[in-house]
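Examining the three-dimensional arrangement
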Amino acid sequence: MGPQNLSLHIEEVRERVARAAVGCGRSARSVTLLAVSKAQPPEMIAAVADAGLTQFGESYLTEALGKIAALRERDLTWHFIGRLQANKTRAIAENFAWVHAIDRLRIAERLAAQRPAGHPPLNACLQVNIAGEDSKGGVTPGELPELAAAVAALPRLRLRGLMCLPPRESAPGRQRHWFEQLRLLQDALNAGGAALDTLSMGMSEDFEAAIQEGATLVRLGTILFGPRVRTISHE
Ligand SMILES: *Cc1c(COP(=O)(O)O)cnc(C)c1O
C-alpha cells in the first residue's frame, strides 16, 4: 500500500470503529483505536502515525524496544499488550505508558516498584481469562476482586480497567457473550467502589461486538496492517 492508500484505508477503519460506537448510542470518541504494530517495521508505524494514529500496541519486548527507540522523536503512546514475565518488567515500566495483561500481584508490584519517579503513573489493565482457557493467561473471574483491590493500592501504577482475549467465535452473538461477561465484571468492581474506565477488548475479527458491549479500547492489528509476516525473531 502506498502512503495515499494507507491513509485512506486507516480512515476507513476509523470510520468503522466510529460507526459501531454511534450505532449503539455511544459517541465515536468513547472508543480508542489501538494499532497493534507487532511484526511491523518502524517505517510502517511511522506511516500509520502520519495518517493520524497515536496509540500503538506491542507484544514482544525486544522487538518493541527497538521500535520505540527508532520512533523516539514522535509523540506516540506505547501499550504493552503481551504476556508479562518478571524479568521483563523493568524495561516495560521504563518504556511504556500502558500495560494490558497484568494477571498476578507479583508482576504488578514489580512494575510499580520499577516505574521511574519522573514518569506519570503506569496505566494498567488486568487480564481476565474470561472462558477459563488453559492456553491463555489472565486471572479467573473469582480471583479478580482481590487482585483488583491489591493492584489499585499500589503506588506509581494506575488501575484503569480490564482486558480479555476471548475464544475465537464467528457468530456475533457468541462474540458479544464473552465481552458482556467482562463488562459485567467491571460493573461489579465499580459498584464496589473501584473507578475503572477502560475495557480493552475487541480485535480485528470481533471489535464491533466488543464496542456493542462497551469496549473503550479496541486492539486492531490485521485489519489495519494486513496479515502479519514474521520477519522479526523473538526472545
Ligand atoms: C496480536 C494481538 C491483537 C491484534 O490482533 P488482530 O486480530 O491482528 O487484530 C490484539 N490483542 C492482542 C493481545 C494481540 O496479541
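Residues numbered from 1 in each chain as written. Predicted model: local features only at pLDDT ≥ 70, side-chain atom pairs only at ≥ 80, totals over all residues. Heavy atoms only, no water.

Of regular secondary structure, the chain possesses 9 helices and 8 strands. Compactness check: the chain gives a C-alpha radius of gyration of 17 Å against a globular reference of 18 Å for 235 residues, within 12% of the reference. With respect to the principal axes defined by its C-alpha atoms, the chain has extents near 50 × 40 × 30 Å. Out of the 235 residues belonging to the chain, those deemed buried represent 49%. When contacts within the chain are restricted to residue pairs at least 6 apart in sequence, those whose partners lie at least 24 apart make up 59%. If the 27 positive side-chain charges of the chain are averaged to one point and the 25 negative ones to another, these points end up 3 Å apart. (Helix = DSSP H or I, 4+ residues; strand = E, 2+ residues; numbered from the N terminus. Rg over C-alpha atoms; globule rule 2.2 N^0.38 Å. Buried < 20%, exposed > 50% of the residue type's maximum accessible area, 1.4 Å probe, protein only. Contact = heavy atoms within 4.5 Å. Lys, Arg positive; Asp, Glu negative; His and termini not counted. Charge placed at Lys NZ, Arg CZ, Asp CG, Glu CD.)

Even without a glycine there, the phi angle at Ala39 is positive, about 70°. Inspection of the secondary structure assignment puts Ala39 in the loop between strand E1 (32-36) and helix H2 (42-50). You can call Ala39 buried: its relative accessible area is 5%.

A regular strand places its side chains so that they alternate between the two faces of the sheet. Going residue by residue along strand E8 (residues 217-220), you find Leu217 and Arg219 tucked away on one face and Val218 and Leu220 tucked away on the opposite face as well. In this sheet, E8 lies alongside E1 in parallel orientation, the contact comprising 4 bridges. When the sheet's bridge partners are listed, Thr32 is paired in E8 with Leu217. (Pairing = 2+ DSSP bridges.)

Applying the stated rule across the entire model yields 0 disulfides. No disulfide involves Cys125; its sulfur sits 11 Å from that of Cys164, the nearest cysteine. On the accessibility criterion, Cys125 (0% relative accessible area) is buried. Among the residues examined, Cys164 registers a relative accessible area of 0% and is labelled buried. (Disulfide = S-S within 2.5 Å.)

Next up on the list: the site of the ligand. Looking at the ligand, the residues that line it are Val36, Lys38, Ser59, Ile81, Met163, Met203, Ser204, Arg219, Leu220, Gly221, Thr222 and Arg228. Lys38 places a polar side-chain atom, nitrogen or oxygen, 2.6 Å from an oxygen atom of the ligand. At a separation of 2.8 Å, an oxygen atom of the ligand approaches a polar side-chain atom of Arg228. Within the complex, 90% of the 390 Å² of free accessible area of the ligand lies under protein. Across the shell around the ligand, the residue classes tally to 5 nonpolar, 4 polar and 3 charged. (Near = heavy atom within 4 Å. Polar contact = N/O pair within 3.5 Å; in protein donor to acceptor, adjacent residues only side chain to side chain. Areas by Shrake-Rupley, 256 points an atom, 1.4 Å probe, with all protein chains shown as cover. Nonpolar A, V, L, I, M, F, W, Y, C, P; charged D, E, K, R; others polar.)

Residue placement: Ser200 occurs in strand E7 (residues 198-200). Apart from the residues lying within four places of it in its own chain, the contact partners of Ser200 are His100, Cys125, Leu162, Met163, Cys164, Leu217 and Arg219.

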